[in-house]
Amino acid sequence: MVKSGHFLCVLEIGARKLSGLLSRRDFDTEVLHPDYLICLAGRIIQYVERSGLYDLKGRYEHMPPLEDLARVIANGWPPDSEEKEIRVQTDEAIKTLFGERYHSRSMYRHRTVFQSGKENVSFAGFVHEDAPDSGAYRGMSLIWFPVGHNDEQPASSLLTLVCGTKGLSPDKHILGRPGHVRHLQGLRRYLAATVGVSAWVKHDPTNLGQPVPKIIQEQHPQFSRVYSRYGNYIYCAVEVPKDPEKAQVVAAALLDLYAWERNWTPLKAASGEITAFRNALRKHLFPRVAKEQLVGLLRERRFVVLQGPPGTGKTRMAKQVLRDSFQEKGRSVQFHPAVTYETFVSGIMPAVSEKSLAFTVSPGWLVQAIRDAQDGEFLLHVDEINRADLSRVLGEAIYLFEPREIASGELGSVRLPQELDDGTRDLTMPQGLYVLGTMNTADRSIAILDMAVRRRFAFVDIWPDIEVVANQGIELATEAFSRLQDIFVQYSPDDALALVPGHSYFLAESEPELRNRLVFELIPLLREYLLDGRLGSCDSEIRAYIDWLEGEIANGVKG
């Protein structure tokens, strides 16, 4: 007799595969429609379960590979389970991944070490393909530590990325690469956003002298023995949730990231899912700020600066805020090296008439904005706010920028060197005035804001957004953006990461327009970076990228 678990799984998978085949061959009859077949499989499964042929408390013996692995990990060390039983389940779950999710020729080795007893630490997972069959090993590994239930916690597993206890080699090139930890930070944001699961990531995976912080250990007391023995070697850790769907997302995320680093080849059936994950990871590499969040921060802090690489839409977002949230009740000005205190606050300016030359005190942009804000909210948008020496431009007016005092009604006031055109010398910041600046972090020729200015402004990072590029539906744009962002993320030092070109370089109404933008805007910018020697270890990768991009553009023109 066919075992019910095996029968159900084969039925479901077979129906899906058949439906895919029928779709490719354009079968469109009502009876053989793919959706009908899947629905039919589901109804048969429900019937078998209700009939008692399959115990709802039991488990499928052969589930889809990733679901099977996620279940094994999430179960931890189940009550009354034997070491051999857990080892067999784990080995089978691992082996089914290769040939069903990843190519069977992928280079891998796995370990399963299960030992009962309170003093032992059991683990399972993937190690470097050259690792010995037993004993200590080197390099990067994906390991989970199962524990049993106690009076306060159910059985569970801690899923981790770990350095082998014998050192970083042969994976030092992975563990020491900036992009590895940046991808892990993106993964941390991805898990928080998609399934609400928290992960911890060490700032430097190669620092084997730094243990997992106590605040993280205290969140997972059931894994105290794990942290005690391997805390210095763990550099990414997440407790796998009991919910099956969330557990599968967590297991897939760490597994597919590990596989990406190991260059495992995804099979065609799983390639779409894995590609979608990689794009989601790119989306979460940098913190994202929605316009609504920015407006909320602006109303709370009053004085905000948007900062980021070129082409990330900082000015566009500022103008959207002015239009949508302030109903155009504001003004945009732009700073440059010639902007002075007299331009921004007030100063003596020449007034030329037909017969004479006179000098008058002229109110600057800030004074005019203060006057406009007396009758309601007013937004002063300062574009390229750090292209002028802001400390000198503000002068004594810097003391007006105290957001907490303004919010509490304690309006600050300063005395100007000369009377304004209305006869007053005292300048007071009204509650209705907001200032929103934009700032390009890639321009080294601009002034660096001093600490007195930084203390008074809130700074919001704006980064490239793959979603904006992908939504326009031009394949070359998405591919070119993804490749370039991967290079900067993987290889650039922290100071060069701020140079990554933003999504606006990849936006166009058509592919011919896109090719022009890439040729006449993006490539010249990259060549300028190379000429200035600003890319560090990215240099050779960027040169190769330019060669690839020029080839793609040329092929597109020929086509």
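Just above, that's the structure.
This text gives an overview of the structure that appears in the document.

Definitions and limits used
- Sequence order sets the numbering: in each chain, residues are counted from 1 along the sequence as written.
- Thresholds applied to this predicted model are a pLDDT of at least 70 for local features of residues and 80 or more for the giving and counting of side-chain atom pairs; totals over whole chains, interfaces and linings are not thresholded and use all residues.
- Here the side-chain values reflect all heavy atoms present in the structure, with hydrogen atoms and water set aside.
- Numbering of helices and strands runs from the N terminus, with a helix taken as a DSSP run of H or I at least four residues long and a strand as a DSSP run of E at least two residues long.
- Salt bridges, as used here, are contacts in which a Lys or Arg side-chain nitrogen is within 4 Å of a carboxyl oxygen on Asp or Glu.
- The buried label goes to any residue with under 20% of its type's maximum accessible area, the exposed label to any with over 50%, and the partly exposed label to all in between, with areas taken from a 1.4 Å probe on protein chains only.
- We call two strands paired when DSSP finds no fewer than two bridges between them.
- Only heavy atoms enter the contact rule, under which two residues are in contact if any of them lie within 4.5 Å.
- Helix axes use the C-alpha atoms of the stretch in contact, all axes being lines fitted to C-alpha atoms, and the angles between their N-to-C directions lie in the range 0 to 180 degrees.
- Buriedness of a pocket was judged along seven lines, with at least five required to meet protein on both sides within 12 Å; pockets are open sets of points on a 1 Å grid over the protein atoms alone, cavities are sets where a 1.4 Å probe fits but cannot get out, and lining residues have an atom within 4 Å of a point.
- Grid points are joined across faces, edges and corners, and a volume is the space filled by probe spheres set on the points.
- Note that Gly is not counted as nonpolar here; it falls among the polar residues with everything else outside the nonpolar set of Ala, Val, Leu, Ile, Met, Phe, Trp, Tyr, Cys and Pro and the charged set of Asp, Glu, Lys and Arg.
- Planes of paired rings set the category: under 30 degrees apart is stacked, over 60 is edge-to-face and the rest tilted, where pairs are Phe, Tyr or Trp rings (Trp by its six-membered ring) whose centres lie within 6.5 Å.
- Think of it as a cone above the ring: NZ of Lys or CZ of Arg counts as a charge over the ring if it is within 6 Å of the ring centre and within 35 degrees of the ring normal.

### As for unusual backbone geometry
At step 1: With an omega dihedral of 10°, the bond running from Ser169 to Pro170 counts as a cis peptide bond.
At step 2: Relative to the assigned elements, Pro170 resides in the loop between β4 (156–163) and α5 (172–175).
At step 3: Even without a glycine there, the phi angle at Arg302 is positive, about 75°.
At step 4: Tracing the chain through its elements places Arg302 in the loop between α11 (291–301) and β7 (303–308).
At step 5: With a phi close to 50°, Gln327 is a non-glycine residue in the positive phi region.

### Here's the deal with the pattern of salt bridges
At step 1: Tallied over the entire structure, the rule returns 25 salt bridges.
At step 2: Between Glu402 and Arg455 there is a salt bridge, and its shortest N-O distance comes to 3.0 Å. Here Glu402, found in the loop between α15 (390–394) and α16 (403–407), pairs with Arg455, found in helix α17 (residues 451–456); they are 53 residues apart in sequence, far enough to count as distant.
At step 3: In this structure, Arg483 engages Glu479 in a salt bridge whose closest nitrogen and oxygen atoms are separated by 2.6 Å. Of this pair, Arg483 and Glu479 are both found in helix α19 (residues 475–491), 4 residues apart, which corresponds to roughly one turn of the helix.
At step 4: By relative accessible area, Arg483 is classed as partly exposed at 38%.
At step 5: Via salt bridges that share partners, Lys283, Arg288, Asp465 and Glu467 belong to a single interconnected network.

### Describing the sheet that holds strand β3 (residues 140–147)
At step 1: Read across the open sheet, the 6 strands follow the order β1-β2-β3-β4-β6-β5; overall the sheet is antiparallel. If you trace the sheet from one side to the other, it starts and ends with β1 (109–113) and β5 (200–201), each paired once.
At step 2: Both β1 and strand β2 (residues 123–127) contribute to a ladder of 5 bridges, which runs antiparallel. Directly across from Thr112, in β2, lies its bridge partner Ala124.
At step 3: Packing against the sheet, helix α9 (residues 244–262) makes contact with β2, β3, β4 and β6 (234–239), and its axis sits at approximately 155° to β3.

### Some points on the layout of surface pockets
At step 1: Roughly 590 Å³ of volume is contained in the second largest pocket.
At step 2: Around the second largest pocket, the lining comprises 24 residues; the ones closest to its centre are Trp260, Arg282, Ser482, Arg483 and Asp486.
At step 3: Broken down by secondary-structure element, the contributors of at least two residues to the lining of the second largest pocket are α5, α9, α10 (268–283), α19 and α22 (539–558).
At step 4: Considering only residue class, the lining of the second largest pocket consists of 7 nonpolar, 7 polar and 10 charged.

### Regarding the pairing of strand β11 (residues 378–383)
At step 1: With 6 of 6 residues buried, β11 is to be regarded as a mostly interior element.
At step 2: Burial along β11 is two-sided: Phe378, Leu380 and Val382 and Leu379, His381 and Asp383, pointing in opposite directions, are all buried.
At step 3: Alignment of β11 against strand β14 (residues 433–440), held across 5 bridges, turns out to be parallel. Each bridged residue has a counterpart across the sheet, and for Phe378 the counterpart in β14 is Leu433.

### Examining the packing of aromatic side chains
At step 1: This structure, assessed with the given rule, holds 23 aromatic pairs.
At step 2: With centroids separated by 5.4 Å and ring planes inclined at 90°, the aromatic side chains of Phe335 and Phe344 adopt a geometry described as edge-to-face. As far as burial versus exposure is concerned, Phe335 and Phe344 are alike and both buried.
At step 3: A network of ring pairs unites the aromatic residues Phe98, Tyr102, Tyr108, Phe126, Tyr258 and Trp264 as a single cluster.
At step 4: When the ring centre of Phe326 is taken as origin, the NZ or CZ atom of Arg299, which lies over that ring, is 4.9 Å away.

### Some details on the environment of Ala269
At step 1: Residue placement: Ala269 occurs in helix α10.
At step 2: In sequence terms Ala269 and Tyr102 are 167 residues apart; their C-alpha atoms lie 9.4 Å from each other.

### Observations concerning the sheet that holds β7
At step 1: Pairing in this open sheet of 5 strands is parallel, and the strands run β8-β11-β14-β7-β15 from one edge to the other. At either end of the open sheet lies a strand with only one pairing partner, and these are β8 (330–334) and β15 (458–461). Across the sheet, the mean angle separating the axes of adjacent strands is 20° when strand polarity is ignored.
At step 2: The pairing of β8 with β11 spans 5 bridges and is classified as parallel.

### Concerning the environment of Val212
At step 1: Considering the arrangement of structural elements, one finds Val212 in the loop between β5 and α7 (214–217).
At step 2: In contact with Val212, other than residues within four places in its own chain, are Trp200, Gln217, Tyr227, Gly231 and Ile234.

### What to know about empty space enclosed by the protein
At step 1: The full count for this structure, using the stated rule, is 4 cavities of 30 Å³ or more.
At step 2: One number sums up the size of the largest cavity: a volume of about 60 Å³.
At step 3: If you go around the largest cavity, the residues you meet are Val72, Ile73, Asn75, Gly76, Pro78, Ile86, Gln89, Thr90, Phe114, Trp144, Pro146 and Ser157.
At step 4: Contributing elements (two or more residues each) for the lining of the largest cavity: α3 (65–75), α4 (83–95) and β3.
At step 5: Looking at the lining of the largest cavity, its residues break down into 7 nonpolar, 5 polar and no charged.
At step 6: Taken as a whole, the second largest cavity encloses approximately 40 Å³ of empty space.
At step 7: Every residue lining the second largest cavity is listed: Phe335, Phe344, Val382, Ile385, Leu390, Leu394, Phe401, Val435 and Phe457.
At step 8: Residue classes in the lining of the second largest cavity are distributed as 9 nonpolar, no polar and no charged.

Shape descriptors only; they carry no functional weight alone.
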